[in-house]
Amino acid sequence: LKEEIISIIVAPAMARRLPEINGAGIVLTGSFNPAIFQPAWFARQNLLPQTEADTADVKAIVHQFCDFETGRFHIQVTNERFAVLTKADANPAPLRDLVLGTFYILEHTPVSALGLNRHMHFSLPSMDVWNQVGHKLAPKEPWKEIMKGHIGLRALIIQNESAPPEGETALPKGATLTVKLEPSTQIKYGVYFDTNENYPAPATDGLKSLMEVVRERWEGAYDDAHQIADRILAWTTQ
Amino acid sequence: MMPTKSQIGFSLGPPSKTGKDTVDDSRPLFSLAPVPALGTNPRPVPTATSEKGLPTPLPLSVTIEPKAPTFVKGKGSALKIRQWWEGTVTRVTEENFIATLVDKTNPAAPDEQAVFEFSSFEVPDDDKPLLKPGSVFYFVMGTQTTYSGQVISTSALEFRRLPKWTRRSLDVAQARASRLHEWLETTTNTTTKEEHSSSPEN
């Protein structure tokens, strides 16, 4: 599936440019009971260290909604959506462990889709280079004939759809990869990348299947997102 | 005639519900001066003349959707992860622990053996019970820029946390073990009988 989702020329890991701000998230859609997801519950289940749970910044825990932040994670759960983000620049592996552990315990949760997300802000050396990215991705000449005034790229979203290899049944069909690129509001002359690998749940064993995706694909999705951003920046800033 | 897939420049599939959300229309434009002030909303769109900006009457009942978690630069100095490893503890002594490290930043790199001296690598109190042979941890190395602009190298250890066994998981494991045991006994008995019946002495 990795090859099917996007074809990437593998760059040496150490040669890649590093994002100034970097984070990741895992999202599940389905049917959840938000009131369960309290810091104390995570600590009791051995999923968060007690100190981290004790010092969590709880914004709301009510019947329909739960929202709190710890030193490493931001957890938000509604009746339809479970989302965990790392704090900026946190190690991504504990996020995977947290999600796998949570739904190992809540094994009967009905789910409809899974998203493996990464967010990165890259800094560019000058305004000219920054503008060049926008021009390369969306050349302005044709637009100037249609729109008056200054024309700029606000956001670019590219999506593809996977075609699982024949005989491959372990992974859900219809997985998509979406890459979004925008000017950064966090970094001067910065570019923001947001990638989302979306996996719909199969009709049977939905949660089990999606947790298998988390287990097998998380590190690959995280790494591929970096490669995608690095390649786009290499191409557009040449 | 429909164009072939390779000629389609726009893809109009349904938006992903597991990504962050739709395009944030408060973001600035590329190649449109002035450069946005950081951390602000430099372009207050939509305008009053756009559809989104039209004033709407106050509804009698509303459901306020919570804002999806966003991801912003932390208040402290940010850590840039340059390399990270997954380690498995192989031995623990009074002064140190020894582990096998798998380089996750560069998977082609061979596994390494490393000694972590407690005097140099502090294991958080909450993680100390997890430190035993076989346990998995993550070792991160990176740089951090201080408020004065100085770049310093830094590293961190985090132990993997696994959930407690559930009653049901233990029951399932027990049932599987019993089935396997029965199957092994049956297979062994059948094989033994076949061996006896096919021996020349019989």
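Residues numbered from 1 in each chain as written. Chains lettered and ligands numbered in written order. Predicted model: local features only at pLDDT ≥ 70, side-chain atom pairs only at ≥ 80, totals over all residues. Heavy atoms only, no water.

A. Structural context of the side chain of A:Arg72. Position of A:Arg72 relative to the elements: it lies in the loop between strand E3 (65-69) and strand E4 (73-78). A distance of 2.4 Å separates the side chain of A:Arg72 from the side chain of B:Glu158, its partner in a polar contact. Ignoring sequence-local partners within four residues, the contact set of A:Arg72 consists of A:Leu48, A:Pro49, A:Glu52, A:Leu85, A:Thr86, A:Lys87, A:Ala90, A:Pro94 and B:Glu158. (Helix = DSSP H or I, 4+ residues; strand = E, 2+ residues; numbered from the N terminus. Polar contact = N/O pair within 3.5 Å; in protein donor to acceptor, adjacent residues only side chain to side chain. Contact = heavy atoms within 4.5 Å.)

B. The arrangement of the sheet that holds strand E2 (residues 57-61) of chain A in detail. All names here are of chain A. The antiparallel open sheet is built from nine strands, whose spatial order is E2-E3-E4-E5-E1-E6-E9-E8-E7. On the outer flanks of this sheet lie E2 and strand E7 (156-161), each paired with one strand and no other. Between one strand and the next, the sheet's axes are offset by a mean angle of 10 degrees, whatever the strand orientation. The sheet contact formed by strand E1 (residues 21-30) and strand E5 (residues 81-86) spans five bridges and is antiparallel. Counterpart to Ile26 in the pairing with E5 is Val84. The sheet contacts of helix H4 (residues 93-105) involve E1, E4 and E5, and relative to E5 the element is tilted by about 155 degrees. Strands in contact with helix H5 (residues 127-137) are E7, strand E8 (176-183) and strand E9 (190-200); relative to E9, the strand with the most contacts, it is inclined by about 45 degrees. (Pairing = 2+ DSSP bridges. Axes fitted to C-alpha atoms, helices over the stretch in contact; angles between N-to-C directions.)

C. View of the pattern of salt bridges. Tallying each qualifying case throughout the model produces 17 salt bridges over all chains. Across the pair A:Arg215 and A:Glu212 runs a salt bridge whose closest N-O atoms are separated by 2.8 Å. Here the residue A:Arg215 and the residue A:Glu212 both occupy positions in helix H7 (residues 206-236), the gap between them amounting to three residues, near one helical turn. Taking the relative accessible area as the measure of exposure, A:Arg215 reaches 44% and is therefore partly exposed. The class of A:Glu212 is partly exposed, set by a relative accessible area of 35%. As a salt-bridge pair, A:Glu219 and B:Lys104 come within 3.0 Å of each other at their nearest N and O atoms. Here the residue A:Glu219 occupies a position in helix H7, and B:Lys104 occupies one in the loop between strand E2 (96-103) and strand E3 (112-117), the pair thus bridging two chains. Judged by its relative accessible area of 24%, A:Glu219 falls in the partly exposed class. Among the charged side chains, a network of salt bridges with common partners joins A:Arg96, A:Asp97, A:Glu219, B:Glu86 and B:Lys104. (Salt bridge = Lys/Arg side-chain N within 4 Å of Asp/Glu carboxyl O. Buried < 20%, exposed > 50% of the residue type's maximum accessible area, 1.4 Å probe, protein only.)

D. Main features of the side chain of B:Asn96. Residue and element names in this part refer to chain B. Within the element layout of this structure, Asn96 appears in strand E2. When its relative accessible area of 13% is taken as the criterion, Asn96 is described as buried. Ignoring anything within four residues of it in the chain, the contact list for Asn96 reads Arg91, Val115, Phe116, Glu117 and Phe118.

E. The arrangement of the nonpolar core in detail. Residues and elements named next belong to chain A. If you look at the biggest cluster of nonpolar residues, it comprises 37 residues, and the most contacted ones within it are Leu28, Phe42, Phe82, Phe103, Leu114 and Leu116. For this core, the secondary structure elements donating two or more residues are E1, helix H2 (39-44), E3, E4, E5, H4, strand E6 (111-123) and H7. Ranked by residue count, the leading element in this core is H7, at eight residues. Not counting chain neighbours up to four residues away, the residues in contact with Phe82 comprise Ile26, Val27, Leu28, Phe32, Phe37, Gln76, Val77, Val99, Thr102 and Phe103. One finds Val129, Val133, Tyr189 and Ile232 within the second-largest nonpolar core, a separate group that totals 20 residues. (Core = buried A, V, L, I, M, F, W, Y, C linked by side-chain atoms within 4.5 Å.)

F. Expanded view of the packing of H4(A) against H7(A). All names here are of chain A. At a minimum axis separation of 10 Å, H4 and H7 run at an interaxial angle of 165 degrees. Accordingly, the angle class assigned to the pair H4 and H7 is roughly antiparallel. Both H4 and H7 take part in a crossing whose hand is left-handed. Judged by residue contacts, Ala93, Leu95, Arg96, Val99, Leu100 and Phe103 of H4 engage Leu207, Met211, Val214, Arg215, Trp218 and Glu219 from H7. Of the residues in the contact of H4 with H7, the class split is nine nonpolar, no polar and three charged. (Parallel < 35°, antiparallel > 145°, perpendicular 65-115°, else oblique. Left-handed = near helix turned anticlockwise from the far one by under 90°. Nonpolar A, V, L, I, M, F, W, Y, C, P; charged D, E, K, R; others polar.)

G. Unusual backbone geometry, seen in detail. Residue and element names in this part refer to chain A. Even without glycine at this site, Asn46 takes up a positive phi of about 70 degrees. Position of Asn46 among the secondary structure elements: in the loop between H2 and helix H3 (50-54). On the accessibility criterion, Asn46 (23% relative accessible area) is partly exposed. In this structure, Tyr189 is a non-glycine residue whose phi angle is positive, near 50 degrees. Of note, Tyr189 is situated in the loop between E8 and E9.

H. How the structure looks around the packing of aromatic side chains. Evaluated as defined, the whole model comprises 20 aromatic pairs over all chains. Between A:Phe122 and A:Phe193 the ring centres are 5.7 Å apart and the planes differ by 85 degrees, which places this aromatic pair in the edge-to-face class. Taken together, the positions of A:Phe122 in strand E6 and A:Phe193 in strand E9 put the pair 71 residues apart, joining distant regions of the chain. Aromatic pair B:Phe97 and B:Phe118: ring centres 5.9 Å apart, planes at 35 degrees, arrangement tilted. Taken together, the residues B:Phe97 in strand E2 and B:Phe118 in the loop between E3 and strand E4 (136-145) connect sequence positions 21 residues apart. Overall, B:Phe97 belongs to the buried group, its relative accessible area being 0%. The exposure class of B:Phe118 is partly exposed, given its relative accessible area of 27%. (Phe/Tyr/Trp six-rings, centres within 6.5 Å; stacked < 30°, edge-to-face > 60°.)

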